[in-house]
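Report on the structure
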Amino acid sequence: MNSEFDAADFLQHDWQQRPRVIRQLFPGFTDAIAPEELAGLACEEYVESRLIRERETGRWSLQHGPFSESDFTRLPNAGWTVLVQAVDQWVPEVAAIRQQFAFIPQWRIEDVMVSYAADGGGVGPHYDYYDVFLLQGSGQRRWRVGPRVAPETPLINQDGVGILPDFTSVEEFILNPGDALYVPPQFAHWGTSLGASTCYSIGFRAPSVADMLEGYSDDLIAASPADQRYVDSTPQRPRQPGRLDADDLTATFAELQRRFADPTRFQRWFGGYCTRPKYPELREPLEVPLQRDALLQALSGPATLQHNAGSRFIYQSLVDSLVLFVDGEAHDLPAESEMAVALLCVATTTATIGADKLSDHPELSDCIVNLVNQGSLLLV
Ligand code: SIN
Ligand code: CO
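Note that the structure is predicted; figures quoted are calculated from it, not measured. (Residues numbered from 1 in each chain as written. Chains lettered and ligands numbered in written order. Predicted model: local features only at pLDDT ≥ 70, side-chain atom pairs only at ≥ 80, totals over all residues. Heavy atoms only, no water.)

Side note on the domain arrangement of the chain
Here is the rule we go by: Residue ranges for the domains trace back to a domain assignment, done automatically or taken from a database. Take the accessible area each of two parts loses on contact, using a 1.4 Å probe, and add the two losses: that sum is the buried area. By definition here, a salt bridge exists when the distance from a side-chain nitrogen of Lys or Arg to a carboxyl oxygen of Asp or Glu is within 4 Å. N or O atoms closer than or at 3.5 Å make up a polar contact, with two conditions inside protein: a donor-capable atom paired with an acceptor-capable one, and, for residues adjacent in sequence, both atoms drawn from side chains.
Structurally, the chain comprises domain 1 (7-204), domain 2 (214-273) and domain 3 (280-379). Buried area between domain 2 and domain 3, summed over both chains or domains, comes out near 580 Å², and the portion from carbon and sulfur atoms is 55%. Inspection of the region where domain 2 meets domain 3 yields one salt bridge. When the shortest N-O distance is used, the salt bridge between R268 and D332 registers 2.9 Å. Here domain 2 is connected to domain 3 by two residue pairs in polar contact (both at pLDDT 80 or more).

As structure tokens, then:
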């Protein structure tokens, strides 16, 4: 990433506030995945992919993958784009792009979607609910950016493609390889390829309140045995047998509030929620489980630990403990291991963690042995 990019200034003036072009955010950027390899991923059954075409001006259509090779050979020279979701889960070089955005907490990043568009191709005018950096790979794209849309602005569903009907462009930019356009949530935008080009969308996550309510409630429900039940607040003869008195609910409502308003419980739940793997099947347990001594011995040699590309690692420092979350599961660790855990959370395929950091922390090394054995960490 360009060392002249001033992340503090960006966070203060642009992030979540206004679109911004950052010229040469990645100087000398070349594609982290070849178009043929991207097309290959779009043919895989377990990868999420889409093909969007503008069949005639303003008439869009969508096809979901997996595709076959002939779907691509039959395409015209212009007016289409193929988009592959979460390429970072499959391609370490694309995962390495995600790691560059370390000026924003890692858990906020959802995935890196990659699109390859023929001349004139794009997904049409629209808006998204999340922040996104649109990083230009090979070729050029014209981006038109509109204002922030009004709340609940509908997108018209055109054969599965969400199109913003009254798109007005406020700014227009042509991106070259290594340039990036940052678009905050709910700002209208529309990219059109000038010749063939690729785009890497580093998309951030903004869970909906409805999803969080559902997930957190499920967690609370799991911790609420059937014998914990309604109790009368002030048992007394009712004024009317047919009346539900607000007083009858006072104690129950207070109990529900008490359960809900537990910040530590919420933080723990959220840690698991935001590290749940998108593709759990990407994790392959070791056939022959490793023991702690063997791990330490391997790490004192040339071996290193790397994240399984599909596994998410974050940690939280809670009131009296340190919790490492991997693939939706919580691992309680001693507070003193924070520096090593922090390093482990960013030990991607490019950064690594060595044995010297681990031998001081037996609980952490046991935890790492489990993570290696279940396939969340790879010893390479
Ligand atoms: C694209 O890669 O063309 C679509 C990205 C977006 O507009 O969000
Ligand atoms: Co978009």
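Next comes the rest of the description.
Regarding the coordination of the cobalt ion (ligand 2)
Tetrahedral metal sites with four donors have an ideal angle of 109.5 degrees; octahedral sites with six donors have ideal angles of 90 or 180 degrees. Let me state the cut-off plainly: Metal donors were taken as nitrogen, oxygen and sulfur atoms no farther than 2.8 Å from the ion, or 3.2 Å where the ion is Na, K or Ca. Water is excluded, so coordination may look unfinished. Think of it in three bands: with a 1.4 Å probe and only protein chains considered, a residue is buried below 20% of the maximum accessible area for its type, exposed above 50%, and partly exposed in between.
Ligation of the cobalt ion (ligand 2) by protein atoms is provided by H126 (NE2), D128 (OD) and H189 (NE2), these donors lying 2.1 Å from the ion. The sequence pattern formed by the donor residues of the cobalt ion (ligand 2) is H-x1-D-x60-H. Here H126 falls in the buried class, since its relative accessible area comes to 11%. What makes D128 buried here is its relative accessible area of 16%.

Topic: the layout of surface pockets
We apply this condition: Here a cavity is any set of points on a 1 Å grid over the protein atoms alone where a 1.4 Å probe fits but cannot get out, and a pocket is any open set with protein on both sides within 12 Å along at least 5 of 7 lines; a residue lines the site when it has an atom within 4 Å of a point. Grid points are joined across faces, edges and corners, and a volume is the space filled by probe spheres set on the points. Going along the chain from the N terminus, every DSSP run of H or I of four or more residues is numbered as a helix, and every run of E of two or more is numbered as a strand. Gly falls in the polar group here, along with every residue not listed as nonpolar (Ala, Val, Leu, Ile, Met, Phe, Trp, Tyr, Cys, Pro) or charged (Asp, Glu, Lys, Arg).
Quantified by volume, the largest pocket comes out at close to 690 Å³. Along the wall of the largest pocket there are 33 residues; nearest its centre are R50, M113, H126, D128 and Y130. If you add up the space inside the second largest pocket, you get close to 380 Å³. Residue lining of the second largest pocket: 20 residues in total, with P105, Q106, W107, F313 and C345 positioned closest to the centre. Secondary-structure elements contributing two or more residues to the lining of the second largest pocket are α4 (92-99), β15 (313-318) and α9 (338-345). Ranked by residues supplied to the lining of the second largest pocket, first place goes to β15 with three residues. Looking at side-chain class alone, the lining of the second largest pocket contains 13 nonpolar, five polar and two charged residues. When residues of the lining of the second largest pocket are assigned to domains, at least three fall in each of domain 1 (7-204) and domain 3 (280-379).

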